[in-house]
Amino acid sequence: MNHPLLLTSFSKYQIATGTAIFFHAIGLTGILFFNNSFFLQSTPFNLLLSVALLVWTQQDRNKWFLLFALVVFTIGFAVEVIGVNTGLLFGNYSYGKVLGFQWKNVPVIIGLNWFIVIYCCGVSIHIFLARIIKRLASETKTTPMALKAISIIADGATLAVLFDWLIEPVAVKLGYWHWKGDGSIPPYNYICWALTSALLLTVFHFCPFNKENKFAIHLLLIQSLFFLLLRTFLK
């Protein structure tokens, strides 16, 4: 007797989420329990994979999405160059060798990290606000566009700063970067993060591309849990 072959179909979001969980779990295990130098050197690969998964799951990759990604990468990298070489932004800090090839004393891949954070925070707030805005529009018979813009920019920037606050101590321990002087993280760093994030989220909001990528929310949660566990258990 022939038995039909049962095929289980997975969506792009499920495949991307499973892939991200798998590689973050490997990295977490390696850093906490094995020779973490090997796993630390894999950080650029993890960032590249995360970007690839975000782009793959992005619906309708139009010119505005590509423009947004390019602007975030460029501005994100530029503010880091200014910060590292002048101390005018973020504070007095320098990068280690963990994040790979550097230009102007800044790892080139840091621009991709800015894209990941801004895109994931922007999409998360956008999706969260969608239901609220829809309800308000139904009740008032108007679409509160100004409220939506302000909320995405302000709330998204707040979320980005909270994410940076979460990863800062871990990044220092792992040698991604270090703060000069007494090694403490200056409040000025978070002020600059908020202002830069607000600027980039303004670009995010006004660039007309599809912002319904559920995987972006999943990735933000996965990375947050990853760094929270490292912050808790890394010695």
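Scroll up to find the structure this text is about.
Position numbers for residues start from 1 in each chain and track the written sequence from start to end. Residue-level local features of this predicted model are given only where pLDDT is at least 70; pairs of side-chain atoms are given and counted only at 80 or more, and the full residue set underlies all totals for whole chains, interfaces and linings. Think of the side-chain values as coming from all heavy atoms in the structure, minus any hydrogens and water.

A. Looking closely at the nonpolar core. If you look at the biggest cluster of nonpolar residues, it comprises 68 residues, and the most contacted ones within it are Leu 54, Phe 68, Phe 115 and Tyr 119. A run of H or I in DSSP counts as a helix once it spans at least four residues, and a run of E counts as a strand once it spans at least two, with each numbered from the N terminus. With 13 residues, helix H5 (residues 110-140) is the single largest residue contributor to this core. Take the buried residues of types Ala, Val, Leu, Ile, Met, Phe, Trp, Tyr and Cys, join any two whose side-chain atoms come within 4.5 Å, and each joined set is a nonpolar core. Buried, partly exposed and exposed residues are distinguished by accessible area as a fraction of the type maximum, computed with a 1.4 Å probe on protein chains only: under 20%, between the cut-offs, and over 50%, respectively.

B. Structural view of the state of the cysteines. Here, a disulfide means two cysteine sulfur atoms that sit within 2.5 Å of each other. The tally for this structure, following the rule as stated, stands at zero disulfides. Left unpaired, Cys 120 is separated from the closest cysteine sulfur, that of Cys 121, by 7.0 Å. Judged by its relative accessible area of 1%, Cys 120 falls in the buried class.

C. Representation of the side chain of Thr 43. Note on placement: Thr 43 falls in helix H3 (residues 43-57). Overall, Thr 43 belongs to the buried group, its relative accessible area being 11%. In this view, Thr 43 contacts Val 98, Leu 99 and Tyr 176; residues no more than four positions away in its chain are not counted. Any two residues having at least one pair of non-hydrogen atoms within 4.5 Å are treated as being in contact.

D. Structural context of the environment of Ile 110. Within the secondary structure, Ile 110 is located in helix H5. We classify Ile 110 as buried; its relative accessible area is 4%. When the C-alpha atoms of Ile 110 and Leu 99 are compared, they prove to be 7.8 Å apart, with eleven residues separating the residues in sequence. The contacts of Ile 110, once residues within four sequence positions are left out, are Phe 77, Glu 80, Tyr 95 and Leu 99.

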